[in-house]
Structures are given as structure tokens and as C-alpha cells.
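# Remarks on the overall topology
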Amino acid sequence: MTLFGVLTNELCIGRYVNNQKTTKLQSRPFRNPERVGTTILPRIISLRILDQARKRLDERRPKPLPREAMVEGLRDLWVEKGRYRETS
């Protein structure tokens, strides 16, 4: 398991959820109450450390460009190169 996997997996904080949905024949699945399939396991990472790591991951996640900035970048690329992508 990678470090990212450890930091995003709830098993590391001792929470394992199974039996999340129930489906009967020829009917739509529905969610079970959360307490039905929750199992408490020993923690590998404290909640404080996990929260700090998740905050850092959120800070590093690239933010989507606003539409205006994207259009402006494409316009600059067109002016500079005369095209939007490389030709083969």
C-alpha cells in the first residue's frame, strides 16, 4: 500500500465498513444504516496525524482553472505558437 493509500483509507484509523448496501431481487439497492456494517479495529495512525496529512493533501491538490484564465491561456498560446497543440 502506498503512503497516499494509507492516508486515505479508513482502515488505518480503525474503521472498517462492510454491508453498505442491500439489494433484494428485482429491486433497487438501498443504503443500510451506517452502524450495520461498521467494525472497529486497532488504529495504526492517530486521528490528529491523519487530519494533518489530509489537510496537506488537500492543499497540494491542483485547483481547477477558472474559465476566463483557461481561455486567456489558450489565446496566449495561439498568439505565441499559432496553434493550440503540437503537430505531428
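Residues numbered from 1 in each chain as written. Predicted model: local features only at pLDDT ≥ 70, side-chain atom pairs only at ≥ 80, totals over all residues. Heavy atoms only, no water.

### Examining the overall build of the protein
Looking only at helices and strands, the protein has three helices and four strands in total. Along the protein, helices (α) and strands (β) appear in the sequence α-β-β-β-β-α-α when read from the amino end. Within the protein, the fraction of its 88 residues that count as buried is 11%. Look at the contacts in the protein between residues 6 or more apart in sequence, and 48% of them connect residues 24 or more apart. (Helix = DSSP H or I, 4+ residues; strand = E, 2+ residues; numbered from the N terminus. Buried < 20%, exposed > 50% of the residue type's maximum accessible area, 1.4 Å probe, protein only. Contact = heavy atoms within 4.5 Å.)

### With respect to the nonpolar core
For soluble globular proteins, the rule of thumb is that nonpolar side chains tend to be buried together. One finds L7, C12, I13, I45, L50 and A53 forming the largest nonpolar core, which totals six residues. With residues near it in sequence (within four places) discarded, C12 still touches V6, R43, I44 and I45. (Core = buried A, V, L, I, M, F, W, Y, C linked by side-chain atoms within 4.5 Å.)

### Some thoughts on helix α3 (residues 67-81)
Each α-helix turn comprises 3.6 residues. Residues three or four places apart therefore point the same way. Under the 1.5 Å per step criterion, the end-to-end length of α3 is 21 Å for 15 residues, consistent within 8% with the ideal 21 Å. Looking one or two residues beyond α3, the residue adopting positive phi is G82, at roughly 80°. (Expected span 1.5 Å × (residues − 1).)

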